[in-house]
Amino acid sequence: MKTISTVAEMREISSRARSLKQTIGFVPTMGFLHDGHLSLIRSARSCCDLLVVSIFVNRTQFGPNEDFDSYPRDLSRDLELCRINKADLVFHPPQEDMYFDDYSVFVEETRLSRGLCGAARPGHFKGVTSVVCKLFNIIQPDFAVFGQKDAQQVRVIDRMVRDLNIPVEIRTAPIVREPDGLAMSSRNTYLSPEERSQALCLSKTISLAEKLHSGGELRASTIESAMRELIESYSMAQIDYVEIVDSGSLEPVEKIEAPTLVAIAVRIGSTRLIDNTVLGDS
Ligand code: PAF
């Protein structure tokens, strides 16, 4: 496995691989890898000749009061995990190689990114689409794998690729959970032991929605009320949103008749966590 730290070298290797008709698979990450990331790497591994994992904590997707500086980082552990999981290349550029001082061009999706996490994190998805577009241009992958945990992110990137005719296939891999149900996230490391146990309200709320739906409940308002009530029973949990939306348009629905995304964001102390499920998807 090789670590690449300049845009120029990464472009050169990708262009060479493409001229040799090799398939390039890509897993973008911000590092501090956990089993969720590793599941993306493993799912990509068997489908490509060259597997590239990027590790880049992207400043432009963090708001001014968010955790860019404190975001967990452990490059040597990440490199070892990439090696064990058979990545061919790790692309780990420095900030200054990705963003010139006078960087002034962004890619912005303007519809799907308005609600859910976009409402609480203005500018977040603009930072995500901009960096992912740059990474696609540099790495030129045939396909890229994203986690369903960031459901809105996947929809937004899918839309960017469609609307800008970017020749890359977007694949989604299922949420990976801790044995007790908590969805894996690099931000879980921020939780104190008490917060960690309160954080279980997210997966329990998602399971409740699934249970109500499989018991025949189709009314979004009924499911949403039950979800809110459960979260509110946890003393340290503060709801950011509980939303039941069409899985494609991300517009709110009244009844679950087509694939429907049930998504939540909850603050446990100062840590904001998200979770989701898709209902009505046969
Ligand atoms: O999901 C993430 O880790 C990031 O948003 C991504 C896609 C790597 C872009 O920085």
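Anything mentioned here points back to the structure above.
Just so we're clear, the structure is a prediction, and the values are computed from it rather than from any experiment. (Residues numbered from 1 in each chain as written. Predicted model: local features only at pLDDT ≥ 70, side-chain atom pairs only at ≥ 80, totals over all residues. Heavy atoms only, no water.)

A. Layout of the overall build of the protein. Secondary structure summary: the protein contains 10 helices and nine strands in total. Since a compact globule built from 282 residues should have a radius of gyration of about 19 Å, the 19 Å found for the protein is in line with a globular shape. Considered along the principal axes of its C-alpha atoms, the protein spans approximately 55 × 40 × 40 Å. Every one of the 282 residues in the protein was classed for burial, and the buried ones make up 52%. Put simply, of all contacts in the protein between residues at least 6 apart along the chain, 72% involve residues at least 24 apart. (Helix = DSSP H or I, 4+ residues; strand = E, 2+ residues; numbered from the N terminus. Rg over C-alpha atoms; globule rule 2.2 N^0.38 Å. Buried < 20%, exposed > 50% of the residue type's maximum accessible area, 1.4 Å probe, protein only. Contact = heavy atoms within 4.5 Å.)

B. View of the sheet that holds strand β4 (residues 89-91). Here we have six strands laid out as an open sheet, ordered β1-β4-β3-β2-β5-β6, and parallel in their pairing. In the strand order of this sheet, the two ends are held by β1 (2-4) and β6 (169-173), each with one partner. This sheet shows a mean twist of 25° between the axes of neighbouring strands, independent of strand direction. Judged from the three bridges that link them, β1 and β4 form a sheet pairing that is parallel. In the sheet register, Thr3 faces β4, and the bridge partner there is Val90. (Pairing = 2+ DSSP bridges. Axes fitted to C-alpha atoms, helices over the stretch in contact; angles between N-to-C directions.)

C. Local environment of the site of the ligand. Close to the ligand lie Pro28, Thr29, Met30, Asn58, Gln61, Val131, Val132, Phe146, Asp150 and Gln153, which account for all nearby residues. Taking Gln61, its side chain carries an N or O atom lying 2.6 Å from an oxygen atom of the ligand. Within the side chain of Gln153, one N or O atom sits 2.7 Å away from an oxygen atom of the ligand. Considering the ligand on its own, with 290 Å² of exposed area, one finds that the protein chains cover 90% of that surface. Across the shell around the ligand, the residue classes tally to five nonpolar, four polar and one charged. (Near = heavy atom within 4 Å. Polar contact = N/O pair within 3.5 Å; in protein donor to acceptor, adjacent residues only side chain to side chain. Areas by Shrake-Rupley, 256 points an atom, 1.4 Å probe, with all protein chains shown as cover. Nonpolar A, V, L, I, M, F, W, Y, C, P; charged D, E, K, R; others polar.)

D. Representation of the nonpolar core in the model. Within the largest apolar cluster, 32 residues are counted, with the highest numbers of intra-cluster contacts made by Val52, Phe91, Met98, Phe136, Ile139, Ile157 and Met160. For this core, the elements supplying multiple residues, two or more each, are α1 (7-19), β2 (24-29), β3 (50-55), β4, α6 (124-139), β5 (143-147) and α7 (151-163). Setting aside chain neighbours within four positions, we find Ile157 in contact with Val128, Val132, Phe136, Phe146 and Ile170. Residues Leu182, Leu200, Ala220 and Tyr234 belong to the second largest nonpolar core, which totals 23 residues. (Core = buried A, V, L, I, M, F, W, Y, C linked by side-chain atoms within 4.5 Å.)

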